[in-house]
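As a plain string of letters, each chain reads:
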Amino acid sequence: MGYNKANDWKKSLLVAAVSGALMLTGCAGEDGEDGAQGSSGLQGPVGPTGPQGPTGDNGQDGESSGGTGENGSGASAFAYTTSDYAIYSDSIFVADYFDGDLSDGADITDAINMAIFDLQDGQTIVLPQGNFKVSDTILIQDMEDVTFTGYGINETQLSFKEATAAEDAVRFEGCKDVEIRDFTVLDPKKNGIKVKGSDGVLMAYTGAVWPEGLKSDNGAYGLYPVSSSNIIMEYNYSYGSADAGIYVGQSNNVVVRHNVARMNVAGIEIENTMNADVYKNLAIENTGGILVFDLPGLEQAYGGNVRVFDNEMIANNTENVAPFTSTVGLVPPGTGFLNLATSGVEVYHNYFRDNKTSAMEFASYFLVQDDFSKYENDYLATMIQGWSPNYKLNYVHDNVIERSGADWAGLLLQAEIVPLPAGVPEGTPQFTIANGFTGLTLELVADPITFESMPTGGVVDNTGKLMPAILFDGIGQFVFTQTDLFQDEQLLALTANKDAFTAYEREDGLCLQNNIDGNSAASHGEFGDAKIGTVFPVDMAGAAVKGISGGLPAPVFALDNIHGDAHPYACTQERLSPTTVTFRGMKYGCNGDDQTAFSCNL
């Protein structure tokens, strides 16, 4: 693939420059001034009435099925959840399988399993109202048109704190048109509510909560559909996940709307997923608010056509407790939005406030792996399947950014990490100034920081020095448009995603248009003008500023105001298509039940 040692840059160069810009972060997680709300609350978002019921045909406009008090089989409405979802008398009630006094604190594992044993396609299982223990995974497999509901996100709570063997609290596998709603799982060992290998998933008014707050030994994923299709995630709540609170991975046709993700490492994450609309969500006090990732080596090689719009990403400054060697462990505290190596992403009409590192960050996979020989060897198979370390066609427009980038700090700005963080093997590359930031000047405000001026073994004083509101690594665009490192004839002949590896014009990379500096006059003195910062030059003219070594450029960290059309990323791209989810014969999303919604007409 054109790789040789002569073209291999020094590891320190890429690691430090990209980490220096993309990874300048604060690990202290000081969020008091950002309105931290103290101890965790279980109250999830309160939305309109619930989606369609189990057999009724009028749920499209938000009513419960059976508007006359009966469902399609003639059963009467027995009760309603707090989201106004109708529970009918012919449902399977877990309470009927419990032998004894069904009071708070009772272990209802056996009763749930017996109810599932009797479950048939088209039926509804109803969890009791109250707070109960569950000692093993709740598993439903190979069912169609089933609903699994409690009485509300606060009214039915299942604690897995003592379930030592249950990695997943609730798991659905191989299902068709499964509806999961109106209950919360507490303290799952690994994952909260997981759905795998299913077509048609509606998850609404559910919660996944670690009540003691974000800790490194919490479970990984809160609400977790994976390898599935036609997914609606709405009015859910996740708190305290040590990886991603609301996660959709390796899936197709996804709508994520009206959710709240708070105090997770990643609030909402879309990974290797094709066709996803993420809108009207609140991501607050996470490490990173909303993430879009394409990672190598997964069964679904790549994603795309992801729209992130009309969301609020506020004060995502929480310390990153994920393993230092994991991809999500690299997310800088203080990140509003991060795209890692995903092409075909549109980010628009979002509101960013008080994210202490950057509102938005766009990075190729070279942030994670800077050794180009790995791509020729370890990643060749996944690139043939269509994955690319670079991204194209990212259109960022009409976002409002306030109070960004004023308090980046932490391990990544220390001269050394001594000792290494727990669990990091000796010899692991450390994303620090000392291990690669040498010679790079952060031309931020006055008094630039250089390696020579940094206190040995200490933390750089970042007072008055702002990180740009939008960070762009640049190196992926340079490699793919200015070099032949990935223009291998065999790869181009075999890859399932040829467009990802072809050279492209600047306007087919990252485009910024009409993004708004929302700082008030009072805030402007502290936060200055909103800027985009480019770590590496994207063309030969830019590379000439600080030179080229081994065929690749030195970092420049160029800054431009985001206003107007004077910056190098002032361009437009074709708008991406809305995603449509089909569930139980109904269409959801901006081409379905939300056609007339304000968000869908931006």
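This one's a predicted model, so the numbers in the text were calculated from it and none came from an experiment. (Residues numbered from 1 in each chain as written. Predicted model: local features only at pLDDT ≥ 70, side-chain atom pairs only at ≥ 80, totals over all residues. Heavy atoms only, no water.)

## Topic: the overall build of the protein
Step number 1: When its secondary structure is counted, the protein shows eight helices and 39 strands.
Step number 2: A buried classification covers 60% of the 602 residues belonging to the protein.
Step number 3: In the protein, the share of contacts with a sequence separation of at least 24, taken over all contacts with a separation of at least 6, comes to 69%.
Step number 4: For the protein, the accessible surface area stands at approximately 21500 Å², while carbon and sulfur atoms represent 48% of it. (Helix = DSSP H or I, 4+ residues; strand = E, 2+ residues; numbered from the N terminus. Buried < 20%, exposed > 50% of the residue type's maximum accessible area, 1.4 Å probe, protein only. Contact = heavy atoms within 4.5 Å. Areas by Shrake-Rupley, 256 points an atom, 1.4 Å probe, with all protein chains shown as cover.)

## A look at the side chain of Thr 495
Step number 1: Turning to its location among the elements, Thr 495 is positioned in the loop between helix 6 (489-494) and strand 32 (510-513).
Step number 2: On the basis of relative accessibility, which here comes to 3%, the residue Thr 495 falls in the buried class.
Step number 3: Of note is the side chain of Thr 495, whose polar atom sits 3.2 Å from the backbone nitrogen of Asn 497.
Step number 4: Those residues within four positions of Thr 495 in sequence are excluded, and the remaining contacts are Met 383, Ile 384, Gly 386 and Phe 501. (Polar contact = N/O pair within 3.5 Å; in protein donor to acceptor, adjacent residues only side chain to side chain.)

## Focus: the packing of aromatic side chains
Step number 1: Scanning the entire structure with this criterion turns up 26 aromatic pairs.
Step number 2: Judged by centre distance (4.4 Å) and plane angle (20°), the ring pair of Tyr 221 and Tyr 224 falls under stacked. Tyr 224 carries the same exposure label as Tyr 221, and that label is buried.
Step number 3: Measuring from centroid to centroid gives 5.7 Å for Tyr 379 and Trp 387, while their planes differ by 70°, and the two rings are edge-to-face. Per residue, the accessibility class of Tyr 379 equals that of Trp 387, and both read buried. (Phe/Tyr/Trp six-rings, centres within 6.5 Å; stacked < 30°, edge-to-face > 60°.)

## Some remarks on the state of the cysteines
Step number 1: Scanning all chains against the criterion turns up two disulfides.
Step number 2: The partner cysteine of Cys 511 in its disulfide is Cys 571, sulfur to sulfur 1.9 Å. With the S-S bond torsion at -105°, the cross-link from Cys 511 to Cys 571 turns out left-handed. Separated by 60 residues along the polypeptide, Cys 511 in strand 32 and Cys 571 in the loop between strand 37 (558-561) and strand 38 (580-583) bring together distant segments of the chain. (Disulfide = S-S within 2.5 Å.)

## A look at the environment of Ala 79
Step number 1: Secondary-structure assignment places Ala 79 in strand 1 (residues 77-80).
Step number 2: We classify Ala 79 as buried; its relative accessible area is 19%.
Step number 3: Along the chain, Ala 79 and Tyr 151 lie 72 residues apart, while their C-alpha atoms are 8.7 Å from each other.

## Things to note about unusual backbone geometry
Step number 1: The phi angle at Asn 253 is positive, at roughly 65°, despite the residue not being glycine.
Step number 2: The residue Asn 253 is located in strand 17 (residues 252-257) in this model.

## Topic: the pairing of strand 10 (residues 176-186)
Step number 1: The element strand 10 is extensively covered by neighbouring structure, given that ten of its eleven residues are classed as buried.
Step number 2: Judged from the three bridges that link them, strand 7 (residues 147-149) and strand 10 form a sheet pairing that is parallel. By the bridge assignment, Phe 148 is partnered in strand 10 with Ile 180.
Step number 3: Note: strand 8 (residues 156-159) against strand 10, three bridges, orientation parallel. (Pairing = 2+ DSSP bridges.)

## Concerning the side chain of Asn 316
Step number 1: Mapped onto the fold, Asn 316 is located in the loop between strand 24 (312-314) and strand 25 (335-340).
Step number 2: Within the structure, the side chain of Asn 316 is placed 3.2 Å from the backbone oxygen of Ala 283, a separation counted as a polar contact.

## Concerning the pairing of strand 20 (residues 274-279)
Regular strands place their side chains on alternate faces of the sheet.
Step number 1: The sheet contact formed by strand 17 and strand 20 spans five bridges and is parallel. Within strand 20, the residue paired with Val 254 across the bridge is Ala 276.

## Quick look at the pattern of salt bridges
Step number 1: Per the stated rule, a full pass over the model turns up 22 salt bridges.
Step number 2: One salt bridge connects Lys 176 with Asp 199, and the closest N-O pair in it is separated by 3.1 Å. Placement of Lys 176 in strand 10 and of Asp 199 in strand 12 (residues 199-209) is noted, with a sequence separation of 23 residues between them.
Step number 3: The exposure class of Asp 199 is partly exposed, given its relative accessible area of 26%.
Step number 4: A salt bridge links Asp 378 to Lys 374, with the nearest nitrogen and oxygen atoms 3.6 Å apart.
Step number 5: The class of Lys 374 is partly exposed, set by a relative accessible area of 31%. (Salt bridge = Lys/Arg side-chain N within 4 Å of Asp/Glu carboxyl O.)

## Points about the sheet that holds strand 9 (residues 168-173)
Step number 1: If you walk across this open sheet you meet the twelve strands as 6-9-11-13-16-19-22-25-28-31-34-37, and the pairing is mixed. Each edge of the open sheet is held by one strand with a lone partner, namely strand 6 (138-141) and strand 37. For this sheet the average axis-to-axis angle between neighbouring strands, irrespective of direction, equals 10°.
Step number 2: When strand 19 (residues 266-271) meets strand 22 (residues 288-293), the two strands line up parallel, connected through five bridges. In the sheet register, Glu 269 faces strand 22, and the bridge partner there is Leu 291. (Axes fitted to C-alpha atoms, helices over the stretch in contact; angles between N-to-C directions.)

## As for helix 2 (residues 109-118)
Turn by turn, an α-helix covers 3.6 residues, leaving residues three or four places apart pointing in a common direction.
Step number 1: Of all the positions in helix 2, only Thr 109, Ala 111, Ile 112, Ala 115 and Ile 116 are classed as buried. Seen end-on, helix 2 carries its buried residues on one side only, within an arc spanning 165°. Structural note: helix 2 exposes Asp 110 and Phe 117 on the side pointing more than 90 degrees away from its buried face.
Step number 2: In this fold, the buried residues of helix 2 make contact with strand 3 (92-93), strand 4 (124-126), strand 5 (130-133) and strand 6. (Arc of directions from axis to C-beta.)

## Notes on the confidence of the model for the protein
Step number 1: Within the protein, residue pLDDT values average 81, and 79% of them lie at 70 or more.
Step number 2: Contacts from residues 1-68, a stretch scored under 50 in pLDDT, to residues over four places away or in other chains number 218 contacts. (pLDDT = per-residue confidence, 0-100.)

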